[in-house]
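Take a look at the letters that make up each chain.
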Amino acid sequence: MVSSRRIRINREALIALRRKSALSVTELATKAKLSHGTVIDLESGRRQGSAKTIRALAQALGVHPDALIANPVESEPEAVA
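Residues numbered from 1 in each chain as written. Predicted model: local features only at pLDDT ≥ 70, side-chain atom pairs only at ≥ 80, totals over all residues. Heavy atoms only, no water.

1. As for the nonpolar core
I9, L14, L28, V39, L57, L61 and L68 are the most contacted members of the largest nonpolar core, which totals 18 residues. Of all the elements in the fold, those that place two or more residues in this core are α1 (11–20), α2 (25–32), α3 (36–44) and α4 (51–61). In terms of residue count, α4 provides more of this core than any other element does, 6 residues in total. Apart from residues no more than four positions distant in its own chain, L14 is found in contact with I9, L28, L42, E43, L57, L61 and L68. (Core = buried A, V, L, I, M, F, W, Y, C linked by side-chain atoms within 4.5 Å. Buried < 20%, exposed > 50% of the residue type's maximum accessible area, 1.4 Å probe, protein only. Helix = DSSP H or I, 4+ residues; strand = E, 2+ residues; numbered from the N terminus. Contact = heavy atoms within 4.5 Å.)

2. So, the packing of α2 against α4
Where α2 contacts α4, the axes come no closer than 8 Å and their chain directions differ by 110 degrees. By the criterion of interaxial angle, the relationship of α2 to α4 is roughly perpendicular. In this structure, the crossing between α2 and α4 has a hand that is right-handed. Between α2, through L28, K31 and A32, and α4, the contact on the second element is made entirely by A56, L57, A60 and L61. Grouping the amino acids of the contact of α2 with α4 by side-chain chemistry returns 6 nonpolar, no polar and 1 charged. (Axes fitted to C-alpha atoms, helices over the stretch in contact; angles between N-to-C directions. Parallel < 35°, antiparallel > 145°, perpendicular 65-115°, else oblique. Left-handed = near helix turned anticlockwise from the far one by under 90°. Nonpolar A, V, L, I, M, F, W, Y, C, P; charged D, E, K, R; others polar.)

Shown next, in the form of structure tokens:
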């Protein structure tokens, strides 16, 4: 069974890596075999990605998928008594 769980993408990292690779949104979309709209939505934060989408972007950008995943929300620090 394939999971359809959505993963929050680190949009700042996605944009920075795309620019570092000197790729336009359209070029990245083509290289990752995604739609232009999908990349725009991921970069703007309007959409989260599936594991498949993150792997495709990472491969297109030449990075490990972890480089594109946003850090989980950190818990509040515990109060010191």
